[in-house]
Amino acid sequence: MREAGDAATGREVLLQFDKVCSGYGLGQVLFDVSLRVNKGEVVSLMGRNGMGKTTLIRTAMGMLVPRDGQVSFAERRLNGMAMHRVAALGLGWVPEGRFIFPSLSVEENLMATASNRRGSTQPWTLERIYELFPRLHERRRNGGGQLSGGEQQMLTIGRALMTNPRLLILDEATEGLAPKIRQEIWQTLAAIKGTGQSILVVDKDVRALARLADRHYMIEKGCIAWQGDSTALLADAQLAKRYVGI
Ligand SMILES: Nc1ncnc2c1ncn2[C@@H]1O[C@H](COP(=O)(O)OP(=O)(O)OP(=O)(O)O)[C@@H](O)[C@H]1O
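Computed from a predicted structure; not experimentally measured.

Peer 1: Got a sec to walk through helix α7 (residues 179-194)? Specific residues and values, please.
Peer 2: Spanning 16 residues, α7 covers 23 Å between terminal C-alpha atoms, matching the ideal 22 Å at 1.5 Å per step. Inspection of α7 places I185, W186 and L189 among the buried residues, and these make up the whole buried set. Down the axis of α7, the smallest arc covering the buried residues is 100°, so these residues share one side. Away from its buried face by more than 90 degrees, α7 exposes K180, Q187 and G194. Where α7 is buried, its residues meet α6 (149-161), β8 (198-202) and α8 (206-212). Residue G196 follows α7 closely and has a positive phi angle near 95°.

Rendered as structure tokens:
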């Protein structure tokens with residue numbers, strides 16, 4: 001029998017990796033990766049380029065089938081489950097690179113993914129997304145292709161929220177953005193956290209992640225090399241240097 005909750009905190013476990021090995025063709029990228037995101041938690045995943053962060057997310061989302069170990073979500077085994085079924089279980093993914101529909105307006109982009117399949121009592125709606133991102137409200141009639149990089153990122157996050165995910169997964173959401181916009185995105189993520197949304201966030205901004213997330217994982221060459229809370233992360237400056245390179 002698997003446990004219904006996290007033994008240490010009693011919280012419901014959403015995403016769980018248990019000794020997962022995964023990769024592409026013959027090339028193995030993840031080695032015995034164990035990781036957990038509980039309900040209501042914000043968890044970060046950090047690491048240098050090419051260490052396996054995106055591969056881990058692709059494995060969670062069903063794009064890659066683990067060759068060993070187990071991936072589960074809210075007690076359901078995900079190994080080999082089709083991507084659309086994984087998404088229907090409540091994993092909302094903001095991929096690296098901001099995929100939006102350029103020919104649709106901002107509002108149409110948001111409505112394209114809208115659903116509340118699991119009957120959330122306080123679902124994300126257009127109004128709530130516009131409250132979170134006033135800039136998207138201003139630009140609601142503009143085409144997706146006319147937006148700045150920062151606005152596109154806001155739209156990608158808004159679109160993922162419109163699926164009312166149980167877990168929001170963000171891959172490098174602040175990459176390539178101007179400092180002011182990055183700061184805006186971090187503030188918005190804090191507001192999203194304030195609603196009780198569970199989030200797994202991949203990024204390299206250790207200070208921002210220490211403020212936002214409850215727990216952290218560092219990945220090195222496909223292995224979880226360190227894990228801990230924000231106090232432990234900030235107490236050792238060598239961690240960021242060694243595992244994130246800053
Ligand atoms: N589609 C693919 N086919 C084969 N190998 C891949 C593929 N995508 C990534 N890899 C390899 O897997 C390894 C891990 O890449 P991954 O994208 O998971 O790293 P990452 O930590 O997300 O890095 P980054 O910050 O650069 O996105 C790298 O060696 C990369 O070359």
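Having seen it, we continue.
Peer 1: Can you explain the sheet that holds strand β5 (residues 76-77)? Please cite residues and give values.
Peer 2: If you walk across this open sheet you meet the four strands as β2-β1-β4-β5, and the pairing is antiparallel. Among the strands making up the open sheet, the edge pair consists of β2 (27-38) and β5. Sheet analysis places strand β4 (residues 68-73) next to β5, joined by two bridges and oriented antiparallel. Looking across to β5, one finds that S72 is bridged to R77.

Peer 1: Please give an account of the sheet that holds β8 that cites residues and values.
Peer 2: As summarised here, the arrangement of the six strands in space is β6-β7-β8-β3-β9-β10, forming an open sheet in which the pairing is mixed. Both edges of this open sheet fall to β6 (91-94) and β10 (223-229), since each of them pairs with a single strand only. Here the average twist between neighbouring strands, direction ignored, is 15°. Note that strand β3 (residues 42-46) and strand β9 (residues 215-220) share four bridges and pair parallel. Paired with S44 across the bridge in β9 is H216. Here α6 sits on the sheet in contact with β6 and β7 (167-171), set at roughly 170° to β6.

Peer 1: Provide a residue-level description of the site of the ligand, including the pertinent values.
Peer 2: For the ligand, the full set of nearby residues is Y24, G27, V29, G47, N49, G50, M51, G52, K53, T54 and T55. Taken together, the elements giving at least two residues each to the shell around the ligand come down to β2 and α1 (53-61). Sorting elements by how many residues they give to the shell around the ligand places α1 first, with three residues. Looking at the shell around the ligand, its residues break down into three nonpolar, seven polar and one charged.

So, how was this worked out
Residues numbered from 1 in each chain as written. Predicted model: local features only at pLDDT ≥ 70, side-chain atom pairs only at ≥ 80, totals over all residues. Helix = DSSP H or I, 4+ residues; strand = E, 2+ residues; numbered from the N terminus. Expected span 1.5 Å × (residues − 1). Buried ≥ 20, exposed ≤ 12 C-beta atoms within 10 Å, placed from the backbone. Arc of directions from axis to C-beta. Contact = placed C-beta atoms within 7 Å. Pairing = 2+ DSSP bridges. Axes fitted to C-alpha atoms, helices over the stretch in contact; angles between N-to-C directions. Near = placed C-beta within 6 Å. Nonpolar A, V, L, I, M, F, W, Y, C, P; charged D, E, K, R; others polar.

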